[in-house]
Amino acid sequence: MSDRVLLIEDDRELGAQIVATLHKAGFGVTWWTEGRVPDPASIDLLIVDLMLPGMYGLDILKALRATSDTPALVLSARNDTGDKIRALKLGADDYMTKPFWPEELVERVRARLRRPTLARNDVIEVGPLRIGLAERQVWVGERAVDLTRAEFDLLATLARRPGAAVTRAALVDAAIDADRDGAERTLDVHVSRLRKKLGDAGMIQTVWGVGYRLAGSAPT
Amino acid sequence: MNLRLRLLLTTVAVAVPLVAGLVWLDARSRHRAAEEALARITQERFERPDAQARCEADPVAWGAPRTPGAMGERPPGPAPRTPSGPPSHGPPSRGPGGPPPGLPRAAPPRFFAYDRALASRDPAAPRLAAGTAAALAEGDWAAIDRATFDERVEVLLRSPWPDGPCAYVLVRGTTPRGFIGAILPATELWLAPLAATLIAVLVAVGPVVGRIRRLTADVRRSAAGGFVEAPAVAGADEVRQLGDAFVAASAEVRRQLAARDDRERALREFLANTTHDVMIPLTVLTQHLASLRAGVRTREPAELDEVVARAMDEAHYLAALIHNLSVAARVDVAEPRLERAAIDLNALVARVVARHRPVAAERGIELDSGVPEAPVIVDADLTLLEQAVSNVVYNAIRYNRRGGHVAVVLDRDDGRFVLRVLDDGPGIPPPDLGSLIRRGFRSDAARTRTTGGHGGHGIGLHITHTVARLHAYQLTFTNREPSGLEVELAGPLPPPAATA
């Protein structure tokens, strides 16, 4: 079942465009042009403009937050710090400043709807990879892989956020003895060995300028 | 009420009570002197031979003035020791020779005898209240009528003969007549200091009033001329200080007016420049849209693609420009104010990358970001910092080539955050790198957009510089090997307790 998005936006042209964009991206969209408080049970995400006839966007947010933690994305044409800080304090999950690209909107909406994988705390599964944190054991499919301490820490750090690029500094911090010289160069060596051991070269991707990423189910 | 009249009234208000007090003192002292003289005369009368017999024989005749019924004239008969009649009851300064000629003279004294019960055989004797004799308890005589502003003086004495009709004697006399009856002192000399004071006040105030009037006229003339000509005041007194204060105040007014003119000029210039800045990309966008409409059927799809990509670019540039202009309106003022709050840099990086990703993709540039797992919270102005980071990222995309990379990397480093934006574009020639760091491209030339060159970093980089400076963050530019630019923004993280 597709996620249900409620859009509250008074501008007809912009509202219609947003509805079309979200439809195309596979969301079920309801569109209100006037501000009133939605029923949290009927929506998965709220997109609300700040300046609305009927009810101010921040008031809608406040009323919604009183009863529910449905994700809310605020649209603002005024690039005003006070508005954004108030919106975030009232419980908005994110905001977007007009103008924005359709792709940008879809990305923000997806990010808000992405639910954390309800995995057991001590086991992470990414694609064919299964990582047992407690016993420090890694399997690719059914095959157990024997990793050094640094290699395991490296993989676990990447796997905690599948799909997200992890900076080299963070990886060095997590996996490599800081006292040893050439820690960053050592990192590449460890990654290269890890890739070899995992056997699937596509799993650990190099991200230019940032570090590495474990390709996962989550989109980037 | 003008100054002269006010001073006159003030002087009168001060002088009148003073004069009244002096007059009262004078009247009191004249009364006192008259009372003492009457008491002395009466004692002398008691001491005369056969005074008792005469008084007891005919108290009325004993007490009558020498010329009965003619007060003020020389009384005959039984008072040889007072041939000149009235005692000189005036103030001692008047001397024993009696009142000076020309001054009113006192009336001769009249004596009334009373018995022990304070009854008198003399029908003209004033009735005395029963307790009046008690006033003699402390002395030989007592003043009966104490009215100060009255010429009549009465003194009661106990005679040496307590058993007859002359047990008590009331003696009645007058003080010397004063100016306006008995009220004012006899001479008009007291008027002299009062008049002198009034004249002195008027004389002293005259030039001051004149100077103030001239200053008023000068100030009005100066105001009429737009405060260009300062009023000239001579002298070294308070009026001169007033003039100087006005000169200083008018200088301040002129300065404020000039500052207002400058601000208005700057605002007009800003609006004109802004209009120019916005109109150019809008015009380019319009041209692209027009080409699209005209070329939809005739052009090759690849060509249309190119026009669409450039139109997107212009729209994106326009949005960034307008954001920058609104930020410039906040930070390019005399005293910019930051609206600080705890903000999540991870989320900020995600927003900035999401904003520019569509354009980066259109240009064939890979845009990635990496942030720490736990949110990095800083105390900053959200809008300003986001725009500052956005400008750096956008520049990295705009000046990169197809197939290039841009990376946004956020790390914690020893109580600080370090946000780096890296690209593998052309970088910046070292001489310009220096000026970039020094000036932040504040000049008007920086506003203009040059395609492909580094000069077009323009207002965006200026905003980034200003925002970094306002937050006291370090902003550094380094060329990368083999090519590209690294822009680093670093600043302190609040202590952990503040971020909890």
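I will try to describe carefully the structure that is included in this document. (Residues numbered from 1 in each chain as written. Chains lettered and ligands numbered in written order. Predicted model: local features only at pLDDT ≥ 70, side-chain atom pairs only at ≥ 80, totals over all residues. Heavy atoms only, no water.)

Section: the overall build of chain A
No. 1: A count of helices and strands for chain A gives seven helices and 12 strands.
No. 2: A buried classification covers 48% of the 220 residues belonging to chain A.
No. 3: Here the analysis covers contacts within chain A between residues at least 6 apart in sequence; of these, 54% occur between residues at least 24 apart.
No. 4: For chain A, the accessible surface area stands at approximately 11,000 Å², while carbon and sulfur atoms represent 50% of it. (Helix = DSSP H or I, 4+ residues; strand = E, 2+ residues; numbered from the N terminus. Buried < 20%, exposed > 50% of the residue type's maximum accessible area, 1.4 Å probe, protein only. Contact = heavy atoms within 4.5 Å. Areas by Shrake-Rupley, 256 points an atom, 1.4 Å probe, with all protein chains shown as cover.)

With respect to the state of the cysteines
Residue and element names in this part refer to chain B.
No. 1: Under the counting rule described, the total for this entry stands at one disulfide over all chains.
No. 2: Two residues, Cys55 and Cys166, share a disulfide whose sulfurs are 1.6 Å apart. Its S-S torsion of about -95 degrees marks the bond between Cys55 and Cys166 as left-handed, since a negative value means left-handed. Within this pair, whereas Cys55 is found in helix H2 (residues 51-57), its partner Cys166 is found in the loop between strand E3 (152-158) and strand E4 (168-174), the two being separated by 111 residues in sequence. For the pair formed by Cys55 and Cys166, the shared burial category is buried. (Disulfide = S-S within 2.5 Å.)

Some words on the sheet that holds strand E3 (residues 45-49) of chain A
All names here are of chain A.
No. 1: The five strands lie next to each other as E2-E1-E3-E4-E5, forming an open sheet whose pairing is parallel. In the strand order of this sheet, the two ends are held by strand E2 (28-32) and strand E5 (94-97), each with one partner. For this sheet the average axis-to-axis angle between neighbouring strands, irrespective of direction, equals 20 degrees.
No. 2: Sheet topology places strand E1 (residues 4-8) next to E3; four bridges connect them, and they run parallel. Bridging across to E3, Leu7 finds its partner in Ile47.
No. 3: Each of E1, E3 and strand E4 (72-76) is contacted by helix H2 (residues 57-67), which is oriented at about 155 degrees to E3, the strand it contacts most. (Pairing = 2+ DSSP bridges. Axes fitted to C-alpha atoms, helices over the stretch in contact; angles between N-to-C directions.)

As for the nonpolar core
As a rule of thumb, soluble globular proteins bury nonpolar side chains together.
No. 1: Formed by 56 residues in total, the largest nonpolar core has its most connected members in Leu46(A), Val378(B), Leu385(B) and Phe417(B).
No. 2: With seven residues, the top contributor of residues to this core is helix H8 (residues 382-398) of chain B.
No. 3: If we skip the residues at most four places from it in the chain, Val378(B) touches Ala341(B), Ala342(B), Ile343(B), Leu345(B), Leu385(B), Phe417(B), Tyr473(B), Leu493(B) and Pro494(B).
No. 4: Val145(A), Val172(A), Leu198(A) and Ile204(A) belong to the second-largest nonpolar core, a separate cluster that totals 28 residues. (Core = buried A, V, L, I, M, F, W, Y, C linked by side-chain atoms within 4.5 Å.)

A word on the packing of helix H5 (residues 149-160) of chain A against helix H6 (residues 168-175) of chain A
All names here are of chain A.
No. 1: Running from N to C, H5 and H6 cross one another at 135 degrees; their axes reach a closest spacing of 8 Å. As summarised for this structure, H5 and H6 are arranged oblique, according to the angle between their axes. Seen along the crossing, H5 lies across H6 with a hand that is right-handed. Contacts from Arg149, Ala150, Asp153, Leu154, Thr157 and Leu158 of H5 reach H6 at Leu171, Ala174 and Ala175. (Parallel < 35°, antiparallel > 145°, perpendicular 65-115°, else oblique. Left-handed = near helix turned anticlockwise from the far one by under 90°.)

Here's the deal with the packing of aromatic side chains
No. 1: Per the counting criterion, the structure on display carries four aromatic pairs over all chains.
No. 2: Considering the side-chain rings of Phe417(B) and Tyr473(B), the 5.1 Å spacing of their centres and the 80 degrees angle between planes classify their relative orientation as edge-to-face. Here the residue Phe417(B) occupies a position in strand E9 (residues 416-423), and Tyr473(B) occupies one in the loop between helix H10 (458-471) and strand E10 (474-479), the gap between them amounting to 56 residues. Summarising the burial analysis for this pair, Phe417(B) and Tyr473(B) share the class buried.
No. 3: Pairwise contacts between aromatic rings join Phe46(B), Trp62(B), Phe111(B) and Trp161(B) into one cluster.
No. 4: Residue placement shows Arg36(A) over the ring face of Trp32(A); its charged tip is 4.0 Å from the ring centre. (Phe/Tyr/Trp six-rings, centres within 6.5 Å; stacked < 30°, edge-to-face > 60°. Lys NZ or Arg CZ within 6 Å of the ring centre and 35° of its normal.)

Some words on the packing of helix H6 (residues 301-331) of chain B against helix H7 (residues 345-362) of chain B
Residue and element names in this part refer to chain B.
No. 1: At a minimum axis separation of 10 Å, H6 and H7 run at an interaxial angle of 150 degrees. Between H6 and H7, the angle falls in the class roughly antiparallel. Once H6 is placed against H7, the crossing between them reads as left-handed. Facing H6, whose interface residues are Ala309, Met312, Asp313, His316 and His323, H7 presents Arg355, His356, Pro358, Val359 and Glu362.
No. 2: A breakdown of the residues in the contact of H6 with H7 according to their chemical character gives four nonpolar, three polar and three charged. (Nonpolar A, V, L, I, M, F, W, Y, C, P; charged D, E, K, R; others polar.)

Notes on the pairing of E1(A)
One face of the sheet, then the other: side chains in a regular strand alternate in exactly this way.
Residue and element names in this part refer to chain A.
No. 1: With four of five residues buried, E1 lies mostly within the body of the structure.
No. 2: Examined bridge by bridge, E1 and E2 share five bridges and lie parallel to one another. Across the sheet, the residue bridging to Ile8 is Trp32, located in E2.
No. 3: In the classification by handedness, the crossover that spans E1, the intervening helix H1 (residues 12-24) and the parallel E2 is right-handed. (Right-handed = clockwise from strand over helix to strand, strands pointing away.)

Side note on the pattern of salt bridges
Residue and element names in this part refer to chain B.
No. 1: Inspection of every chain in the model, using the stated rule, returns 31 salt bridges over all chains.
No. 2: The partner of Arg240 in a salt bridge is Asp244, with the nearest N and O atoms 3.2 Å apart. Here Arg240 and its partner Asp244 are both found in helix H5 (residues 238-295), four residues apart, which amounts to about one turn of the helix.
No. 3: Salt-bridge contacts for Arg351 lead to Glu386; the nearest nitrogen and oxygen are separated by 2.9 Å. (Salt bridge = Lys/Arg side-chain N within 4 Å of Asp/Glu carboxyl O.)

Quick look at the sheet that holds strand E2 (residues 141-143) of chain B
Residues and elements named next belong to chain B.
No. 1: The strand order across the open sheet formed by four strands is E1-E4-E3-E2, and the pairing between neighbours is antiparallel. Strands at the two margins of the open sheet, each flanked by one partner only, are strand E1 (110-114) and E2. Within this sheet the neighbouring strands show an average axis-to-axis angle of 20 degrees, counted without direction.
No. 2: Contacts between helix H1 (residues 3-47) and the sheet are confined to E1, E2, E3 and E4, with E3 contributing the most and set at about 40 degrees to the helix.

Observations concerning the side chain of His323(B)
No. 1: By the secondary structure assignment, His323(B) is in helix H6.
No. 2: Dropping the residues within four chain positions of it, His323(B) is found in contact with Asn79(A), Thr97(A), Lys98(A), Pro99(A), Arg355(B) and Gln387(B).

Describing the environment of Pro59(B)
Residue and element names in this part refer to chain B.
No. 1: The residue Pro59 is located in helix H3 (residues 59-63) in this model.
No. 2: For the pair formed by Pro59 and Ser120, sequence separation is 61 residues and the distance between their alpha carbons is 8.4 Å.
No. 3: Ignoring any residue separated from it by four or fewer positions in sequence, one finds Pro59 in contact with Arg54, Ala113, Arg121, Pro165 and Cys166.

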